[in-house]
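Summary of the model geometry
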Amino acid sequence: MKRRILMIATGGTIASMDSGEGLAPVISSEQILETVPEIRDLCQVDAVQLMNLDSTNIGPEQWLKISGHIRGQYEVYDGFVVTHGTDTMAYTAAALSYLIQNSPKPVVITGAQKSISLRDTDARINLKDSFVYAADAGSEGVSIVFGGKAILGTRARKERTKSFNAFASVDYPELAAIRDQKVIRYIPEPDLSGEPVFYDRIGGRLLLLTLIPGMSAEVLRACRDQYDGVVLQTFGVGGLPGGDEGPLAGALREWTERGKVVVVMTQVPYEGSDMEVYQVGQTVKSRLRLMEAYNMTLEAVVTKLLWILGQTREPEEVRRMFYTEVRRDLIRV
């Protein structure tokens, strides 16, 4: 019996047409499906137009709307395909990985670098591949299917702005390749038997600050009262200019003394941080009890913190939840 899959359309380039002032999403979910009629040979499919937004305009409110709709339809369908713009797709994939945990049913996110209305586009292949993956019995949890590969939702990053192979899996193997309507798995999915866990709260205001040589600490002081936490992207494996006696450490101490979240991560795209290596990292981490992202992606760090702050503001519970692995987001080696 064919699996029943719900396609949830949210907009993005895949659904865009030229408005005269640039591309804007206007193509409906049913119109998208009509361009790839062979999808109906793979599975039973229904479609819903949940929103029609450029993904630049998709954030926490929309993540909750998507996860809430999936929750409401979870017992009806065997899997879900979410069409989405590429610019914030990795954020949405990570956010849904925290909002929908332990799901034995697949939630597949896809999109395109060019509109499905064009002849020269990646949209039709990505869409069909996503349904192939969603209809496969071995698929579960949240993932991105794009460019012929499946990537864990907590491990995806957009690396190219125009090329069809836009997404990469960061510091973790791709889950599978999709070729000729077949799923070729590189690593088996963990057994997610049992009931899924849905969350309906996400909250907090986060500041992302990327250090550059010579940056003043005043920016941290100026923003301190406006935010609940800061994600600080530092150099290399993780160090703070001036170490634990410098002005940046002094400004961060003011954050932590007020119970605000401080997470340090590297600016380097791959291989993660290790603040224990150098004195400028080790001492400031231990004395200020900073949290470290290790090899988490930026998208996972940000969305995990927003999810956590939606559940608790108690500092030790925030720390415990941040260091609890969810869907291979944090791999300690």
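It should be noted that the structure appears before, not after, this text.
We now turn to the structure provided with this report. For clarity, every value in this text was computed on a predicted model and none was experimentally measured. In this convention, every chain numbers its residues from 1, walking through the sequence in written order. For this predicted model, a pLDDT threshold of at least 70 governs which residues receive local features, and a threshold of 80 or more governs which side-chain atom pairs are given and counted, while totals over whole chains, interfaces and linings are taken from all residues. As a convention, hydrogens and water are excluded, and side-chain values are obtained from all of the structure's heavy atoms.

Some thoughts on the sheet that holds strand 9 (residues 149-152)
- For two strands to pair, DSSP has to find at least two bridges joining them. Note on conventions: DSSP H or I runs of at least 4 residues are helices, E runs of at least 2 residues are strands, and numbering of each starts at the N terminus. The sheet built from 8 strands is open, its strands ordered 4-1-5-7-8-9-12-13 with mixed pairing. The open sheet is flanked by strand 4 (44-53) and strand 13 (182-185), the only strands paired with a single partner. Adjacent strand axes in the sheet meet at a mean angle of 25 degrees when their direction is disregarded.
- Examined bridge by bridge, strand 9 and strand 12 (residues 176-179) share 2 bridges and lie antiparallel to one another. Among the inter-strand pairings, Ala150 is bridged to a residue of strand 12, identified as Ala176.
- Should any heavy atoms of two residues lie within 4.5 Å, those residues are counted as being in contact. Angles run from 0 to 180 degrees between N-to-C directions of axes, and those axes are lines fitted to C-alpha atoms, restricted for helices to the stretch in contact. Lying on the sheet, helix 3 (residues 60-73) is in contact with strand 1 (4-11), strand 4, strand 5 (79-83) and strand 7 (106-110); it crosses strand 4 at an angle near 160 degrees.
- Here helix 5 (residues 123-134) sits on the sheet and contacts strand 1, strand 4, strand 5, strand 7, strand 8 (141-146), strand 9, strand 12 and strand 13; the angle it forms with strand 7, its principal contact strand, is near 170 degrees.

Focus: the packing of helix 4 (residues 89-99) against helix 9 (residues 298-311)
- Where helix 4 contacts helix 9, the two axes come as close as 8 Å, and the packing angle between them is 40 degrees. Taken together, the axes of helix 4 and helix 9 are oblique relative to one another. Crossing handedness for the pair helix 4 and helix 9: right-handed. Across from Ala90, Tyr91, Ala94, Ala95, Tyr98 and Leu99 in helix 4, the residues of helix 9 making contact are Leu298, Glu299, Ala300, Val302, Thr303, Lys304 and Trp307.
- Split into classes, the residues belonging to the contact of helix 4 with helix 9 amount to 10 nonpolar, 1 polar and 2 charged. Geometric relationships in this document are graded by angle, where less than 35 degrees denotes roughly parallel, more than 145 denotes roughly antiparallel, 65 to 115 denotes roughly perpendicular, and other angles denote oblique. Put simply, a crossing is left-handed when the front helix is turned counterclockwise from the back one by less than a right angle, and right-handed when it is turned clockwise. As a working rule, the residues Ala, Val, Leu, Ile, Met, Phe, Trp, Tyr, Cys and Pro are called nonpolar, Asp, Glu, Lys and Arg charged, and the rest polar, with Gly in that last group.

A closer look at the environment of Glu292
- The residue Glu292 is located in strand 18 (residues 291-292) in this model.
- Separated by 159 residues in sequence, Glu292 and Tyr133 place their C-alpha atoms 34 Å apart.
- Beyond its immediate sequence surroundings of up to four residues, Glu292 is in contact with Val237, Val264, Ser273, Asp274, Met275, Lys285, Phe322 and Tyr323.
- Side-chain atoms alone can form a polar contact between residues adjacent in sequence; in general such a contact is a pair of N or O atoms within 3.5 Å, and within protein one must be able to donate a hydrogen while the other accepts it. A distance of 2.7 Å separates the side chain of Glu292 from the side chain of Lys285, its partner in a polar contact.

Structural notes on the environment of Asp87
- Positionally, Asp87 belongs in the loop between strand 5 and helix 4.
- With relative accessibility at 48%, the residue Asp87 sits in the partly exposed group.
- Along the primary structure Asp87 and Arg160 are separated by 73 residues, whereas in three dimensions their C-alpha atoms are 10.0 Å apart.
- Discounting chain neighbours no more than four positions away, the residues touching Asp87 are Ser55, Thr56 and Lys158.
- A distance of 2.8 Å separates the side chain of Asp87 from the side chain of Lys158, its partner in a polar contact. Three exposure classes are used, based on accessible area relative to the maximum for each residue type with a 1.4 Å probe and protein chains only: buried under 20%, partly exposed in between, and exposed over 50%.

Some remarks on the packing of aromatic side chains
- Stacked, tilted and edge-to-face are the three classes applied to pairs of Phe, Tyr and Trp rings, where Trp contributes its six-membered ring and a pair requires centres within 6.5 Å; stacked means planes under 30 degrees apart, edge-to-face means over 60, and tilted covers the rest. As enumerated under the stated definition, the model contains 8 aromatic pairs in all.
- Between Tyr98 and Trp307 the ring centres are 5.6 Å apart and the planes differ by 15 degrees, which places this aromatic pair in the stacked class. Remark: Trp307 occurs in helix 9 and Tyr98 occurs in helix 4; sequence separation between them is 209 residues.
- Its relative accessible area of 0% is what places Tyr98 among the buried residues.
- Between Tyr294 and Tyr323, the ring centres sit 6.4 Å apart and the planes meet at 55 degrees, which makes this aromatic pair tilted. Linking Tyr294 in the loop between strand 18 and helix 9 with Tyr323 in the segment after helix 10 (315-322), this pair joins segments that are 29 residues apart in sequence.
- Tyr323 sits in the partly exposed class, given a relative accessible area of 23%.
- Three or more aromatic residues joined by ring pairs make a cluster, and in this case those are Tyr74, Tyr77, Phe80 and Phe198.
- Whether a charge sits over a ring depends on NZ of Lys or CZ of Arg being within 6 Å of the ring centre and within 35 degrees of the ring normal. In this arrangement the basic side chain of Lys105 is found over the ring face of Tyr74, its NZ or CZ atom lying 4.6 Å from the centre.
- Here Lys304 stacks its cationic end above the ring of Phe322, 5.7 Å away from the centre of that ring.

These figures capture arrangement, not role.
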